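# Understanding the architecture of this molecule
Take a look at the letters that make up each chain.
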Amino acid sequence: MKYKKKPVIVEAIQWTGNNTKEILDFCPIAIERKTYLCIPTLEGNHLADKGDFIIRGIKGEFYPCKPDIFEKTYEEVQE
């Protein structure tokens, strides 16, 4: 069997290393470290490097996503 991902709109922000306050406002559970962010998830802690996107999922959960995967999976929604 093959399956296709349903279209789901998520909120996300890319961590540049210079927008940590914006990231922490968006994802208050994130823990800032010197060179990465620690994002607690249901599967345990995930690390986000500069350039990674932080996504808020459909149930309000947060998780990081590498930029190349993000670009292949998501497209910007025009409101």
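Above this text you will find the structure in question.
First, a word on what this report is: a plain description of the structure on this page. This one's a predicted model, so the numbers in the text were calculated from it and none came from an experiment.

A separate point is the sheet that holds strand E3 (residues 36–41). Taken in spatial order, the three strands make up an open sheet running E2-E3-E4, and their pairing is antiparallel. Here the strands that pair on one side only, and so sit at the sheet edges, are strand E2 (31–32) and strand E4 (44–49).

Attention now goes to the environment of Glu32. Within the element layout of this structure, Glu32 appears in strand E2. Among the residues examined, Glu32 registers a relative accessible area of 43% and is labelled partly exposed. When the C-alpha atoms of Glu32 and Ala48 are compared, they prove to be 9.7 Å apart, with 16 residues separating the residues in sequence.

The subject of this paragraph is the environment of Ile9. As for its position among the elements, Ile9 is in the segment before strand E1 (11–14). For Ile9, a relative accessible area of 65% translates into the label exposed. Aside from chain neighbours lying at most four places away, what touches Ile9 is Ile58 and Val77.

The next thing to look at is the nonpolar core. Residues Ile13, Trp15, Ile23, Phe26, Cys27, Ala30, Leu37, Ile39, Ala48, Ile54 and Phe62 constitute the largest nonpolar core, which totals 11 residues. When residues of this core are traced back to their parent elements, those giving at least two are helix H1 (20–26) and E3.

Bringing the sheet that holds E1 into the picture now. A sheet is described by the order of its strands in space; here three strands give the open sequence E1-E5-E6, paired in antiparallel fashion. With one partner strand each, in any of the chains shown, E1 and strand E6 (62–65) form the two edges of the open sheet. When strand polarity is set aside, the average angle formed by the axes of neighbouring strands in this sheet is 25°. Across four bridges, the pairing between strand E5 (residues 53–56) and E6 is antiparallel. Note that in E6 the partner of Ile55 across the bridge is Tyr63.

Rules used in this analysis
- Residues numbered from 1 in each chain as written.
- Predicted model: local features only at pLDDT ≥ 70, side-chain atom pairs only at ≥ 80, totals over all residues.
- Heavy atoms only, no water.
- Pairing = 2+ DSSP bridges.
- Helix = DSSP H or I, 4+ residues; strand = E, 2+ residues; numbered from the N terminus.
- Buried < 20%, exposed > 50% of the residue type's maximum accessible area, 1.4 Å probe, protein only.
- Contact = heavy atoms within 4.5 Å.
- Core = buried A, V, L, I, M, F, W, Y, C linked by side-chain atoms within 4.5 Å.
- Axes fitted to C-alpha atoms, helices over the stretch in contact; angles between N-to-C directions.

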